[in-house]
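# Understanding the architecture of this molecule
Each chain, letter by letter, is given below.
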Amino acid sequence: QVQLVSSGGGLVQPGGSLRLSCGASGSIFSIRSMAWYRQAPGKQRELVATITRGGSTNYADSVKGRFTISRDNAKNTVSLQMNSLRPEDTAVYYCNADITPRSGSSRNYWGQGTQVTVSS
């Protein structure tokens, strides 16, 4: 069974940095796009960053120049380096991936979410 497991959240002061990681496990044939989303209290889930298998990236305007998404295709992992964090970055962060398992059709998968809190 394919699953995504994320880690790396926590409490950080404004201006600080955190690195989130997410790994896909199970019987995987291939992974196309991977992404990070976030959801703040009382708000809708929003896209933070995406990365294709070839490494092309896209970012929400609110995180451009501060966050960097990367992936390791050999390890089936995606990471999000977050610098210059602001209180408004506080949210639960979710990894997301389009995965084709060795048996079955491709579909979209979500990680369990990891809390990021930016506060002094």
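Look a little higher up for the structure.
Residues numbered from 1 in each chain as written. Predicted model: local features only at pLDDT ≥ 70, side-chain atom pairs only at ≥ 80, totals over all residues. Heavy atoms only, no water.

## A word on the state of the cysteines
Structurally, a disulfide amounts to a covalent bond that connects the sulfur atoms of two cysteines. For the structure on display, the rule yields 1 disulfide. Across the disulfide from C22 sits C95; the S-S distance is 2.0 Å. Every disulfide takes its handedness from the sign of the S-S torsion; for C22 and C95 that torsion is 45 degrees, giving right-handed. Here C95 lies in strand 9 (residues 91–101) and C22 lies in strand 3 (residues 18–25), a separation of 73 residues in the sequence. By relative accessible area, which is 0% here, C95 ends up buried. (Disulfide = S-S within 2.5 Å. Helix = DSSP H or I, 4+ residues; strand = E, 2+ residues; numbered from the N terminus. Buried < 20%, exposed > 50% of the residue type's maximum accessible area, 1.4 Å probe, protein only.)

## Observations concerning the nonpolar core
In terms of nonpolar packing, the biggest core is built from 31 residues, with W36, L80, M82, Y93 and I99 touching the most fellow members. Mapped onto this core, the elements with two or more residues apiece are strand 3, strand 4 (28–39), strand 5 (46–51), strand 7 (67–72), strand 8 (77–82), strand 9 and strand 11 (114–118). Broken down by element, this core gets its largest block of residues, 5 residues, from strand 9. Sequence-distant contacts of Y93, that is, excluding residues within four places in its chain, are made with L20, W36, Y37, R38, V48, F67, L80, M82, G113, T114 and V116. (Core = buried A, V, L, I, M, F, W, Y, C linked by side-chain atoms within 4.5 Å. Contact = heavy atoms within 4.5 Å.)

## A few points about the environment of D98
With respect to the helices, strands and loops of the structure, D98 is situated in strand 9. Polar contacts involving the side chain of D98 include one to the side chain of N108, which spans 2.8 Å. (Polar contact = N/O pair within 3.5 Å; in protein donor to acceptor, adjacent residues only side chain to side chain.)

## Re the packing of aromatic side chains
Any two aromatic rings considered together are summarised by their centre-to-centre distance and by the angle between their planes. A complete count under the given rule lists 2 aromatic pairs for this structure. Geometrically, the ring pair formed by Y94 and W110 is edge-to-face, given 6.3 Å between the ring centres and 90 degrees between the ring planes. Of this pair, Y94 sits in strand 9 while W110 sits in strand 10 (residues 107–110), and the two are 16 residues apart along the sequence. Since its relative accessible area comes to 15%, Y94 is described here as buried. By the ring-pair criterion, three or more aromatic residues cluster together here, those being Y37, Y94 and W110. (Phe/Tyr/Trp six-rings, centres within 6.5 Å; stacked < 30°, edge-to-face > 60°.)

Keep in mind these numbers describe shape, not what the thing actually does.
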